[in-house]
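# Close look at the chain arrangement
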Amino acid sequence: MHKPLKVGLCGLGTVGSGTFNVLKRNAREIERRAGRPIVVEHVGARRNNPACDTGDVRVSRDIFDVARDPEVDVVVELIGGNTVARELVLEAIAHGKHVVTANKALLAEQGDEIFRAAAEKGVIVAYEAAVAGGIPIIKALREGLSANRIEWLGGIINGTGNFILTHMRDEGRSFEDVLAEAQALGYAEADPTFDVEGIDAAHKLTLLASAAFGIPLQFERVYTEGISRLTQEDITQAGRMGYVIKHLGIARQTDKGIELRVHPTLVPASQLLASVSGALNAVEVMGDAVGPTLYYGAGAGGEETASAVIADLIDVSRDMAMPAEYRTPYLGFNAPADGESVPVVLPMDEVVCSYYLRLVVEDRPGVLAAITAILAENAISIESMLQCDCSEGANRVNIILLTHEASEAHMNAAIERLEALDDVVHPANRIRVEHFGQARH
Ligand SMILES: NC(=O)C1=CN([C@@H]2O[C@H](COP(=O)(O)OP(=O)(O)OC[C@H]3O[C@@H](n4cnc5c(N)ncnc54)[C@H](O)[C@@H]3O)[C@@H](O)[C@H]2O)C=CC1
Ligand SMILES: N[C@@H](CC=O)C(=O)O
Ligand code: NA
């Protein structure tokens, strides 16, 4: 029989305990796939986790003992964050270990350093679990779709955010109440502002965009807006107009550069993405040869994410004996040839899309004319408009507009002038609109 692959498992929280348990439960199946047993040799954990019986496996309180253990072939980093986790991963690499991680914050922000160190040592760094949890989207982009020029991808890549929006819409529950439930279920990041302010989705989009377009990791260039300012009123009004509000990550190749953006988005209720509920994720990818493809499933959760961690372990087991230059590149592409350029990220001001705008206004003659004049002066044409009651009293109404495509710069300029009107009583609620797959003008 082949020698087992010996795993050093660091972090025994939601994903760590899920990984331990699935490795144990499906040991026979995994062994037949990997061609040898995959066994946990050494666990690094601050404390035991009642969800997981480590039996006679060696457990150290100091995770660096795991990274330095000569018996360990591959270190699985599941502690999260990007301080100690960075040191742990670099230490493991320095000791010649392969690494599997679910840590998108670490790779999106410090991936350059980590992949460079790994390349120098000839070790694998695998991260399927870092994007969309159990959905094999990194595998799809790096391998399954590798014949294609990717035109765009977009999707729901934060389970906590989608869980919150789903329950706010379907049950009218408050943001705080649903967030607390997502935390209790183990979906949220240690700091849940990463989920609700879009940072976690921006980390994931950074990794997706590099794997899709062969561009460097550029987390700092992702335009990032979260869901914390969305109102129940907008969720309801969008529904009345035939849309669902989803928090999306979008990366699109255009003639001028690559759009990289994360924000709440109106999606037509008839589209598949609109019906993705709860902590589920879905990513749609458009390849020039294959056309649209859709990847759907669990984006968060212990065993769900463990599924991707273990798939990476099986890949490590198969590929570690292969010369490094024949393995799948970390981000799916080899470095560009000398003199070959890669596309740049498009500044947000130059992004073009359609918009939903909700203005709360004093119900006085002339207000509508003033609004439409400002939009026209900024080259923004209106697709449809709705005036309806608002909850702020009889003298105030909601004006809701859907626009045709306009540039972000024009929309920003228009909003500034709209908000300066005496009769507009609040900052405008602006939500971008996407019709994936339909021709753009
Ligand atoms: N929870 C989920 O659904 C998903 C999580 N991830 C990622 O997986 C990673 C782990 O997430 P969770 O399991 O949810 O977190 P968690 O908070 O449940 O578990 C992390 C564990 O690491 C331990 N830990 C932290 N620092 C340590 C140290 N210095 N020494 C020893 N132990 C230490 C903590 O005590 C905790 O038990 C994160 O990078 C997260 O972003 C990725 C996909 C889904
Ligand atoms: N907090 C994340 C966990 C998975 O990456 C999420 O909610 O999606
Ligand atoms: Na994944």
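Looking at an unreviewed UniProt entry, the protein carries the name Homoserine dehydrogenase, with the source organism given as Zymobacter palmae. In its Sequence similarities (unreviewed entry) section, the UniProt record describing the protein reads: "Belongs to the homoserine dehydrogenase family."

## Things to note about the sheet that holds strand S2 (residues 38-44)
Spatially, 6 strands are ordered S3-S2-S1-S4-S5-S6 in an open sheet, and the strand pairing comes out parallel. Unpaired on one side and paired on the other, strand S3 (58-60) and strand S6 (125-126) mark the two borders of the sheet. Relative to strand S4 (residues 74-77), strand S1 (residues 5-10) runs parallel, the two sharing 4 bridges. If you follow Cys10 over to S4, its bridge partner there is Glu77. Helix H12 (residues 302-319) rests against S1, S2, S4, strand S5 (98-101) and S6 of the sheet, and its axis sits at about 160 degrees to S5.

## Structural notes on the site of ligand 1
Taken together, 25 residues lie around ligand 1, and Gly11, Gly13, Gly80, Ala102 and Ala300 are the ones closest in. Top contributing element to the shell around ligand 1 by residue count: helix H1 (residues 14-25), with 3 residues. Partitioned by chemical class, the residues of the shell around ligand 1 number 12 nonpolar, 11 polar and 2 charged. Viewed by domain, the shell around ligand 1 spans two of them, domain 1 (5-133 + 303-326) and domain 2 (137-299), each represented by three or more residues.

## A look at the pairing of strand S9 (residues 243-253)
Counted residue by residue, S9 has 11 buried out of 11 residues, so it is predominantly covered. Residues Tyr243, Ile245, His247, Gly249, Ala251 and Gln253 line one face of S9 and the alternating positions Val244, Lys246, Leu248, Ile250 and Arg252 line the opposite face, and both faces are buried. Sheet topology places strand S7 (residues 150-156) next to S9; 4 bridges connect them, and they run antiparallel. Looking across to S9, one finds that Leu153 is bridged to Ala251. Pairing of S9 with strand S10 (residues 258-268), which is carried by 11 bridges, proceeds in the antiparallel orientation. Across the sheet, the residue bridging to Tyr243 is Pro268, located in S10. Taken together, S9 and the strand that follows it, S10, pair antiparallel across an intervening segment of 4 residues, in which Gly257 is found at a positive phi of about 150 degrees.

Thresholds applied
Residues numbered from 1 in each chain as written. Chains lettered and ligands numbered in written order. Predicted model: local features only at pLDDT ≥ 70, side-chain atom pairs only at ≥ 80, totals over all residues. UniProt positions renumbered as here; feature names shortened; annotations may be inferred. Pairing = 2+ DSSP bridges. Helix = DSSP H or I, 4+ residues; strand = E, 2+ residues; numbered from the N terminus. Contact = placed C-beta atoms within 7 Å. Axes fitted to C-alpha atoms, helices over the stretch in contact; angles between N-to-C directions. Near = placed C-beta within 6 Å. Nonpolar A, V, L, I, M, F, W, Y, C, P; charged D, E, K, R; others polar. Domains from an automatic or database assignment. Buried ≥ 20, exposed ≤ 12 C-beta atoms within 10 Å, placed from the backbone.

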